[in-house]
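# Observations on chain architecture
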Amino acid sequence: MTTSTVEVTTTNNNGVVTPLDELNIEIKKKDAILQCFYDIASMDSETRLQSITTLVQTLEEIQSIFKPEDHKDISRIVPKIIEKSEIFNNNLSPELNYTLKRLVIGLASTRDSARIGFSMALSEVLHSFKDVIELPWFFDFLAYHMDLSGKNLTEKESHFGRLFGMMSIIRSSRLEGLPIVQTQPSKSINYDFNRPPSDNMIECIVEQLLYISKKRSIYSELSFEILSSLFEQLSDSNFDKLWPFIKPIIPQSHDEYTPDLLSLLLLISKKFKKFNLIKQTVGWKHPSILNLSNLSLLKNVFSESCKSHPRIHKVWRITFEILLADNEENATLVEFWKYIVEENLFKTTSMNKKYLGLQLFEMLLPLVHPEIIVDIFSENVIVNLSESLKPTSPLHEVGSLAFQSIPKTAEISSQHRLALILFFSNNSHHYNQNPQHQQQKFEQSISVDVINELIKDLDEDSIKIYLNSLYKSFIDVTSIKNNNNNNNNSKDEEEDDMVIDEMNNEEKSEKYIESTRHWILSQIGHISKDLVKRSTESLIKLEPMLLELLQFLYFHSYYLTCESVVPVTPATPVSKGKKKVTPVAVPVKTFTEELFTSKPKTEISQSIRDQCFIRFCSVLEELSYLTLEPTKPASISYEGTMSNGEFWASKLASFQYDLLKKGSTDSNRPQLSTFLPMGIKPIDRIMKIVQSIQSKQQSAEKRLNQLVGFELLFVHVSLHYLTDPQEISEIIEDLTSAFEELTNPQPSQKSTKKRSAPEPEKPQPFMVLLDVLISLLDKPIHILRTIIKQIFSIFADNISFQVLEHILTMIKAPTDELFNGLDGGGDEDDEDDEDDDEFKPISPEELKQSKENQDDEDDDEEEEEDEDDEEEEEEDSDDDNTVNPELVARLKQTMGKHLLLDEDDEDEDLLEPTEEEAKMMDNYLKEVFKSKKEKKSNYQDIKTQTINLKSRLIDLLESYVKKFLNNPNEYIFKMIPLMIEATSFDEPSISNRFISLFKNKFSQIRTTTDKSVNVQELNQLLSSLFDTILSSKHTGSSKDKEQQNNNSSAYILSGHAIYMIVRVLLSIKPTTPVVQTPSKKSTKSTKSTTTNTDSTPSEYGSLDIKLFSSKLDSIIECLLDRNNIVPSRFFAEFAQRFPTVIWASIKKVTTIIESPQNDYNSKKILDVLSSIVKRKDSYGANGKNLLNNASDLLVTLCNSLNGKEKQLKPNSIFDHLNLINQIVFSCLQVIKSNGNDNDNGSGALSNKLGSESCKLLESTLCRLYKLNNKQNIKDTSKKILLSLGLENNEIFELEKQKKLEKQQKKETQQKERQSNKEKSKQEIIERIEQSKQERKNNKSTDSKVDNKNKSRPKKKVEDDMEVVDEIFEEGEEKSSKKNNNKKDSSKKSNDNNIKKETTTKSNQKDTTKKSTDKKSSKDDSQPMKKKQKK
């Protein structure tokens, strides 16, 4: 609708003058109303509500100022918008009338959410305009527009439109309080279904709804829902009057009930308490519809609700609301679910019913109490839900949505989460004895995944409850099994008739118990992993629970329960962990009492006990990474501590000690499940030491690292005592002796006596400690490796270099030396004894003969192996697979007649073996292959064992290096040669570990302030590392290549070590050397050294630059060796890391450039120099490194180019020039930054370089410019000369000559063009004169010219005219020049004539342009005639 702003006034019937501005405002309001109609049908609920609010407010404003007599004026202004219908309300404004019509018609629309939005808007309009809109009139208005006979709309649209219109009437809340006059329904004969009487509004709507519900089934659900909403607004008295209208539709049989009717009856019985179901209806067994006795009657009715697929019928929502209210007369929710859903919907083949069942599960699960959750997961629900999770299932979509309701339910409360966890925990480890019911439970993977997700957000109290349930399940597994079996027996009648063997039952029960306990232990491990990830505050709260978990695992690893109740003692860990111990009035069992006395009905197997100890170690290891002790200033915090500063391991060791000590004296205490041959003396000894350490630490102000390390080591060793008592007791003896020697060293008293027979030296205590740590590392227990690394880092400050050297010697030792005796003579003797028992003895002569024959065969094989290298490698690898000579001798003695022993033997001489001899031969062959296989497997096991041990030893070194990254000591540098040496003795995995150690740890070392580090030793170490890289040179033979490949890791480590040492030496400030004068020679040497140190630049720190440059020069000499890539790669990497240091050897690089090289080598050197020059941070202070060496570099590059223009390729020449350009450009930048800006720095640079170098550079560039045709070479040469200010040379003179030649060429070309133009003009003039003469002779030429002009194209005519004009202008200029010497009068007359001619020419041009625009042939011919006449 458009608005006009014409300022005109109008006069209404009352004579009131109304300006059109007010009308414009009204029209704008109408625009807002029209926009609301589009927004009401939007899918967005907020948009719908906002548009309805705007519509109602606008209509209220308009209706408030409206008068009935205003209809005429406004209808004249907007006649197209407001149209009067037959049912038109004069009391309403035209806008309100139009709104009602638009809303009512919109009820029949199917666009988006039109029906919902328009019905809501209509109900709001009816509610807001109570005084103006009468309900009977509005119903007639609705019936007129929603004609059920299909006059204007389709049947479906009109029926749904009328239903939604009646729903808007009911929701407008205007039916409350209306009286009910009609007590009996109208007769069907007299009832007008299309336009019923609307005087009695409630009765009218009820009859209309009942009529439409019977017409078609698609209208039934909506009709009954509207009727239900009407009954919710009625009182009891009005309901009694309306019941006669409802009673005729109630059937006599329950099979005829529909879900819509049932939902209405449920709502009536819920709303009106006086309603008696049995009196008013027929066939019910109880007044309450949902009573247990009536459920059998409702079975079919609820099944029919699946016809509303995929929606859930309203009857289910009403039913669940009633059942959740827990009325005594109604059945319980579990009973209803079992009878109606479980046994009705799921036990069918209909997919729609199963679909509905899964929808009901999704709807009901978040509504039920946590105690009923287990019952909702009924048998058929689990079967169909697990089946629907498969992607190929037709119920996959609804099954996925139903499964997503599980985490939503868990978010309601912690009780719901815990109930779900308990259900899935009992479900995951269930073992079905009947194979027909394998789908009764979820798959184990599904249950485990659900539990793992639900545990993440479980609170502390719920975790404790869940763990207690796991503890009970672990002890009493049979109860779960019996419950499950009882359920199965009650469900399946066939199990009563089945007879199963008792042995099979026992095996299945054992499997069930084992699987259940395994699952419980895995679940405990998962809970511990989740708890460790929580914050420190929550872990402090969970400390008692974690301690109980560890005690449970450790107790069931080694102990048996006792029968009697153990009294609570202060020595128990639970009482120690509490700060305040309050006396217990009622005897309640604590956790430890329950743990000691709760005896499992089935004994715990040894495999389960082993798993318990494995879980115990894993949980303790996870806690060993945490520090719960609050940090204090000037104190050291350790990993694996509790909130009170005590180690978790110490707490558990005291728990173990208490069990062992009191269990040995008291029979009522829990006893060990195994026998201890050593007793508890080792534990008693070690725990006394631990208690003394703890008392010392408490009395001291600061905790000593050494004592902390020993405490941690002692308690962990004691916890592993029961795994191998004999071995651990020996370790305890070594540890205690080492501890006493380190903490209480005793001086040697008898040093002067018996010097001739000295006592054997005892090993150092740290070496003993190291052997203990290595023996523990060799055990297949991961927690020991973690704790040993932690202990080793604690002892790092007190470890000597001898300990580190011993570790490195073990790493670089071969496999046979490390594990000598594992495959030695003892086993062979045993095998020999077995062989003697199985086979007959042989004589010594036969043994010697067999050995000689074998030696001869070996010699022949070696000669063949020398010829073929591949066979040699194979035999080398199979040296350990030689056959036992005694076995060969027996084989010859018994089976010699049937074997080809010599080459001369023939097949004809052999005898066929008998069956017994053939069997014997098979046994011999089996023995041979078996022995070979065993040796191979033993060797491989030993090899893997050694590699694992060495990698664990490298872990110790890594922990040591990690502690001294910020301030390394001298041992860090002393280890480097040993590490490099260790890489050449073993597997590549060990070398890779060292390489990663150098890359990740040693590369982080930047400097050191440790006084033990000697600078001279570092420089010498640097020199030796350079020698290692230089050792990669070889002559090209195959042996040298193999050696280089084997030492590749050593070269890598040497390179990284050089980078680290150079970095450290550069960071250390140089110290002035002390001059010693013992002799003249020494004084001279010291003087020379002092002068050298004084001349050494401070930027190199403590790096011996002379020694370094000499080694680096030798590296540079190897750069051009194609067969050896080690020096080149090292130099390129070193240049990137330390470009400043490279300038010390830049002269060596220049000498290599001067030597004759090919293109490959020259490009290699040029790339290195280019990378150095590009690094601005390598120029030094004021760029002195670059400026001092620039002249030598440029001269060297020029010399390398002179005389080699033809030998080098253009790309190589360009690389030289590019490097020269980089050097010059960098020098200019340095000079500018220093403040020498005169002449752009070119003058200062030429002075710095010298005249000779500049001349050499100029001559070289000029020569290259002349000899090369490549444009990039010429441009680069010019660029370099310009930057140096060398413009007075041959290059630029040649450039000037070329420019002059180009200009001359241009001038000659212009002259030729001008002469050609003049010739053409002269020819045209002659043609024109000739045509004039011909015209005089023949008068008909004018007509011919006109015809030619007409036939010619326009462009040619215009061009010819322009040429003619130019000719005339030139002629006039010539005539003016000739008449310059005439009088002024003649000049004036000529000027006037020229002006006239120019005016005529301009007029002619204008006419030609106009004629071309108009495109007329007549106009074109006229100016041509005039010009030709002239």
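Treat the numbers as computed from the prediction; the structure is a model and nothing was measured.

About the cut-offs
- Residues numbered from 1 in each chain as written.
- Predicted model: local features only at pLDDT ≥ 70, side-chain atom pairs only at ≥ 80, totals over all residues.
- Heavy atoms only, no water.
- Helix = DSSP H or I, 4+ residues; strand = E, 2+ residues; numbered from the N terminus.
- Buried < 20%, exposed > 50% of the residue type's maximum accessible area, 1.4 Å probe, protein only.
- Contact = heavy atoms within 4.5 Å.
- Areas by Shrake-Rupley, 256 points an atom, 1.4 Å probe, with all protein chains shown as cover.
- Patch = residues over 30% accessible without salt bridge, like charges linked within 9 Å, V, L, I, M, F, W, Y side chains within 5 Å.
- Salt bridge = Lys/Arg side-chain N within 4 Å of Asp/Glu carboxyl O.
- Lys, Arg positive; Asp, Glu negative; His and termini not counted.
- Charge placed at Lys NZ, Arg CZ, Asp CG, Glu CD.
- Axes fitted to C-alpha atoms, helices over the stretch in contact; angles between N-to-C directions.
- Parallel < 35°, antiparallel > 145°, perpendicular 65-115°, else oblique.
- Left-handed = near helix turned anticlockwise from the far one by under 90°.
- Nonpolar A, V, L, I, M, F, W, Y, C, P; charged D, E, K, R; others polar.
- Core = buried A, V, L, I, M, F, W, Y, C linked by side-chain atoms within 4.5 Å.
- Phe/Tyr/Trp six-rings, centres within 6.5 Å; stacked < 30°, edge-to-face > 60°.
- Expected span 1.5 Å × (residues − 1).

### Let's talk about the overall build of the chain
The helix and strand inventory of the chain stands at 63 helices and four strands. Counting only residues that meet the buried cut, the chain has 43% of its 1430 residues in that class. Counting contacts in the chain only where the partners sit at least 6 residues apart, residues at least 24 apart contribute 74% of the total. Per element, the accessible surface of the chain, about 79,500 Å² overall, is 48% carbon and sulfur.

### As for a negative patch on the surface
Residues Glu730, Glu733, Asp734 and Asp771 make up a contiguous surface patch of negative charge. Counting residues per element, the negative patch draws most heavily on helix α33 (residues 725-743), which supplies three residues. Within the secondary structure layout, Asp771 lies in helix α34 (residues 765-777).

### Let's talk about the packing of helix α57 (residues 1251-1267) against helix α58 (residues 1271-1284)
Running from amino to carboxyl end, α57 crosses α58 at an angle of 155 degrees, the nearest separation of the two axes being 9 Å. Considering their axes alone, α57 and α58 lie roughly antiparallel with respect to each other. Helix-helix and strand crossings are classified by hand; for α57 and α58 the assignment is left-handed. Residues Leu1257, Glu1258, Leu1261, Leu1264 and Tyr1265 of α57 form the contact with α58, whose participating residues are Ile1273, Lys1274, Ser1277, Lys1278, Ile1280, Leu1281 and Leu1284. Residues belonging to the contact of α57 with α58 are distributed by class as follows: eight nonpolar, one polar and three charged.

### Considerations on the nonpolar core
Core analysis: the biggest nonpolar cluster contains 340 residues, and Trp316, Ile976 and Phe994 have the highest contact counts within it. The element best represented in this core is helix α47 (residues 1048-1067), accounting for eleven residues. Those residues in contact with Trp316 that sit more than four places away from it in its chain are Phe302, Ser305, Phe336, Ile340, Val341, Leu345, Leu356, Leu360 and Met363.

### A word on the packing of aromatic side chains
Tallied over the entire structure, the rule returns 47 aromatic pairs. Ring centres of Phe474 and Phe552 lie 5.4 Å apart, and the angle between their planes is 75 degrees; on these two criteria the pair is classed as edge-to-face. Placement of Phe474 in helix α22 (residues 460-475) and of Phe552 in helix α26 (residues 543-558) is noted, with a sequence separation of 78 residues between them. The burial state of Phe474 is the same as that of Phe552; both residues are buried. Put simply, the rings of Phe1026, Tyr1059, Phe1108, Phe1130, Phe1134 and Phe1138 touch in pairs and so form one group of aromatic residues.

### Side note on helix α55 (residues 1210-1234)
Every α-helix carries 3.6 residues per turn, so stepping three or four residues along brings you back to the same face. For α55, which comprises 25 residues, the first-to-last C-alpha distance of 36 Å matches the rise-based estimate of 36 Å (1.5 Å per residue) to within 8%. Directly beyond the C-terminal end of α55, a positive phi value near 110 degrees is found at Gly1235.

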